[in-house]
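# An overview of the molecular structure
Take a look at the letters that make up each chain.
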Amino acid sequence: QKEVEQDPGPLSVPEGAIVSLNCTYSNSAFQYFMWYRQYSRKGPELLMYTYSSGNKEDGRFTAQVDKSSKYISLFIRDSQPSDSATYLCAMTWGANSKLTFGKGITLSVRP
Amino acid sequence: GAVVSQHPSRVICKSGTSVKIECRSLDFQATTMFWYRQFPKQSLMLMATSNEGSKATYEQGVEKDKFLINHASLTLSTLTVTSAHPEDSSFYICSAPVAGGLGETQYFGPGTRLLVL
């Protein structure tokens, strides 16, 4: 079993849809959780990060963490064509520690 | 958010030459930086951890003599691909962690695309 499993894609939704992206993990030592967005031929861009169970909202994005179930999610409301990208979940256990990534899911938002 | 830059953004070189890629943290200090490579339609693969003032830590299967890493200062790490071959052609990305009041996160550079002819 991989340390981090991410729902496979690709995922295609119409503009305005609510998108749910999910990752599960097996290592309970992970304490910090991040979501990155990566456009083609660009470096990953940090979207959301959190360290506690619960929800964190930033504009159209909501990150959800459930440490008891070892499950994290990213919700995108009112999705836009500009949200079309690859989304990566990532997590780490402490300061200056390497990230463990999910495989990434490619999202396409149709106009 | 914190800013990480990379230079060059794209490089084309002949087989057998060496290529140096720079990674800089522009508005924060980083005692640790990470180097990744990414092939098309694949996730990032961690190559090594760059440590300021000490040797880099390489992931299993990564040749340390081929991918030389030097963390010269608290804001600069360099990756040198020595005697590059076409199979080294890839997208190389660095990241640097930032610790703050809310915990730990990492910021990525824009990446360097290497093409070895």
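These notes cover the structure that comes with them. As the structure is a prediction and not an experimental result, all values here were calculated from the model. (Residues numbered from 1 in each chain as written. Chains lettered and ligands numbered in written order. Predicted model: local features only at pLDDT ≥ 70, side-chain atom pairs only at ≥ 80, totals over all residues. Heavy atoms only, no water.)

Turning to the pairing of strand S9 (residues 85-92) of chain A, a few remarks are in order. All names here are of chain A. Most of S9 is tucked away: seven of the eight residues are buried. Where strand S4 (residues 32-38) meets S9, seven bridges bridge the pair, whose relative direction is antiparallel. From the neighbouring strand, Gln38 faces S9, where its bridge partner is Thr86. Strand direction decides the pairing type here: S9 and strand S11 (residues 105-110), joined by three bridges, are antiparallel. Bridge assignment links Ala85 to a residue of S11, and that residue is Leu107. In terms of strand pairing, S9 meets strand S10 (residues 100-101) through two bridges, oriented antiparallel. Within S10, the residue paired with Met91 across the bridge is Thr100. (Buried < 20%, exposed > 50% of the residue type's maximum accessible area, 1.4 Å probe, protein only. Helix = DSSP H or I, 4+ residues; strand = E, 2+ residues; numbered from the N terminus. Pairing = 2+ DSSP bridges.)

What follows covers the nonpolar core. Among the nonpolar cores identified, the biggest contains 39 residues, and A:Tyr36, A:Leu99, A:Phe101, B:Tyr36, B:Phe108 and B:Leu114 are the most heavily contacted of them. For this core, the element with the most residues is strand S9 (residues 90-100) of chain B, which contributes five residues. Counting residues in each nonpolar core, the second largest holds 25 residues, with A:Leu21, A:Phe30, A:Phe33 and A:Leu107 among its members. (Core = buried A, V, L, I, M, F, W, Y, C linked by side-chain atoms within 4.5 Å.)

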